[in-house]
Amino acid sequence: MSLPAPVRVVVAGGGTAGWIAAMALSRQLGRLVEVTLVESAEIGTIGVGESTIPTARSFHELLRIDEHAFMAATQATFKLGISFEDWGDIGDRYFHTFGVMGMSTWVAEFQHFWLEARSRGAVEPIGAYSLEHEAAVQGRFAKVADTPLNYAYHLDSGLYARFLRQIAETEGARRVEGKIARVEQDGETGDVTALVLETGERLEGDLFIDCTGFRGLLIEQTLKAGFEDWTHWLPTNAAAVTQTAHVADAVPYTRAIAHEAGWRWRIPLQHRVGNGFVFCSQFMSDDEARAGLLASVEGEILTEPRVIRYTAGKRRAVWKNNVIAMGLSSGFIEPLESTSIHLFMSAVTRLIQQFPFGPISPEHRERYNRAADAEIDGVRDFVVLHYNLTEREDSPFWRRMRAMDIPDSLAARLTLFGESAEAWQAAGELFRIDSWVQVMLGQRLTPRRWHRVAALLSDERLRQSLDDLRARIVPAVRELPTHQQFLDGHFA
Ligand SMILES: Cc1cc2nc3c(=O)[nH]c(=O)nc-3n(C[C@H](O)[C@H](O)[C@H](O)COP(=O)(O)OP(=O)(O)OC[C@H]3O[C@@H](n4cnc5c(N)ncnc54)[C@H](O)[C@@H]3O)c2cc1C
């Protein structure tokens, strides 16, 4: 049977988002699409975005990307979660790991049993009942069939874009180097019909993916989709970034260390360390941020520190006419929970599933946009949680964060958890119950009550259940090599 003419997809932008889109569409839809990507070396990419969440693994699996080849090509390391330091208050440390804590029943999740045990006397911290937590704390990692760890990656974003490009081109995607000078639209519908480069070359298409970064060349500058600004909830708006040489073994987690006007990250890769100093310019100058960054890094500085600016928020419609925004052009939530790469992997997965092989109806766009909206709103609430739920009062920034109004959806969550230890993952929502629980407890929200089913257990039974969990986790973690040993064994 002959196939219909391929849908001509033009991807504008060759950062991580652009190459993910081009790679996934060409690999998955094959001859059904004809993918062209245009990027400009003169403009370049944002050059950050190196910490991921476990959905990156499933995305790679869906697209048949070999893990070893990917890790070798991108100098990647394994990530079991994030170490939050000085967030609830100065001196605090908790982990948000990708693991499951303890064992839940269909009646109640583990936190209810743990809170009951805690009310009856000494009990280990809740993280002690999670394999990933214990492995992270001890800096251990391995891929063991009996005790599989749920993990993500730290990767070099420049190398990742190159790796994706190679696959996309092998699958038939065409790359064009050049600067888009003009966007042509249909006079009646407003649909984009072609991108015209400075050289005069025209790239015609049926569907356009806007991956041009914060500028949103098609979705905003051309189609005026609008932007919902979330600065009032997420006021950090800049990051000073630099790369340094390794001076210690790579740990299997991202470090997120709060400071007086934001936080800083440390991301260990195989060949170097990525460092960033996120701040709110209302409370800190660029010079202060640069100085803070340089004072906090370890090891030789490999790249001159530079400051990147951003605004938190989302595009009012990520799919408008025949343009779909992915990556930074679709919206941005600061990198505290490493969610941006996930959001565009999810976006392209949704697009492949709902791909328009014919005329695009408003209902088609609406369905796609509703899912994208719900997804980013959930991420927003989760990130706002870290800032609002704090006892820090040591600087004007933290006093503002503590006192701010928060989205109603988040307020409801905090009330319910505070009153009854109830946490949930709504349909289509990214963060699991274990994530919400780890962060809410980590940020010092202690529930007043919990499910009474736990009260039915005798002291002996409750203690035994918790001891059984520890008896499985402790030896399993002890057997693991350090993360660095595991990397050396596979990538040296
Ligand atoms: C400080 C910071 C830290 C971050 N950390 C993380 C993290 O840890 N984890 C995570 O998941 N995400 C993170 N992100 C987000 C992540 O960096 C981005 O989501 C990711 O890099 C994708 O960017 P992009 O491809 O949308 O845009 P960009 O990298 O900006 O690429 C834009 C592309 O468009 C092209 N372009 C633009 N205009 C034109 C034109 N006129 N003609 C031709 N080409 C054009 C450019 O050349 C470039 O190729 C972070 C972001 C910031 C700001």
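**Q** How should I be thinking about the site of the ligand in this particular structure?
**A** Of all residues adjacent to the ligand, which total 34 residues, the nearest are G14, V48, S51, I180 and I341. One nitrogen or oxygen atom from the main chain of A17 is found 3.1 Å from an oxygen atom belonging to the ligand. A distance of 2.8 Å separates an oxygen atom of the ligand from a polar backbone atom of I341. For the ligand, whose free accessible area comes to 1000 Å², the fraction covered by protein is 97%. Listing elements by their share of the shell around the ligand, those giving two or more residues are α1 (16-29) and α8 (340-353). The element contributing the most residues to the shell around the ligand is α8, with 3 residues. Class assignment of the residues belonging to the shell around the ligand gives a composition of 15 nonpolar, 15 polar and 4 charged.

**Q** Got a minute to help me understand the environment of H60 in this structure?
**A** By the secondary structure assignment, H60 is in helix α2 (residues 55-62). Separated by 19 residues in sequence, H60 and A41 have C-alpha atoms that sit 26 Å apart.

**Q** Please clarify how the pattern of salt bridges should be interpreted in this entry.
**A** Any two side chains of opposite charge can pair, on the condition that their charged atoms come close. What the rule picks out here adds up to 36 salt bridges. For E134, the salt bridge identified is with R470, shortest N-O distance 3.3 Å. Here E134, found in helix α5 (residues 131-137), pairs with R470, found in helix α13 (residues 459-478); they are 336 residues apart in sequence, far enough to count as distant. Pair check on accessibility: E134 and R470 agree, each one buried. For E184, the salt bridge identified is with R202, shortest N-O distance 2.5 Å.

Conventions adopted
Residues numbered from 1 in each chain as written. Predicted model: local features only at pLDDT ≥ 70, side-chain atom pairs only at ≥ 80, totals over all residues. Heavy atoms only, no water. Near = heavy atom within 4 Å. Polar contact = N/O pair within 3.5 Å; in protein donor to acceptor, adjacent residues only side chain to side chain. Areas by Shrake-Rupley, 256 points an atom, 1.4 Å probe, with all protein chains shown as cover. Helix = DSSP H or I, 4+ residues; strand = E, 2+ residues; numbered from the N terminus. Nonpolar A, V, L, I, M, F, W, Y, C, P; charged D, E, K, R; others polar. Salt bridge = Lys/Arg side-chain N within 4 Å of Asp/Glu carboxyl O. Buried < 20%, exposed > 50% of the residue type's maximum accessible area, 1.4 Å probe, protein only.

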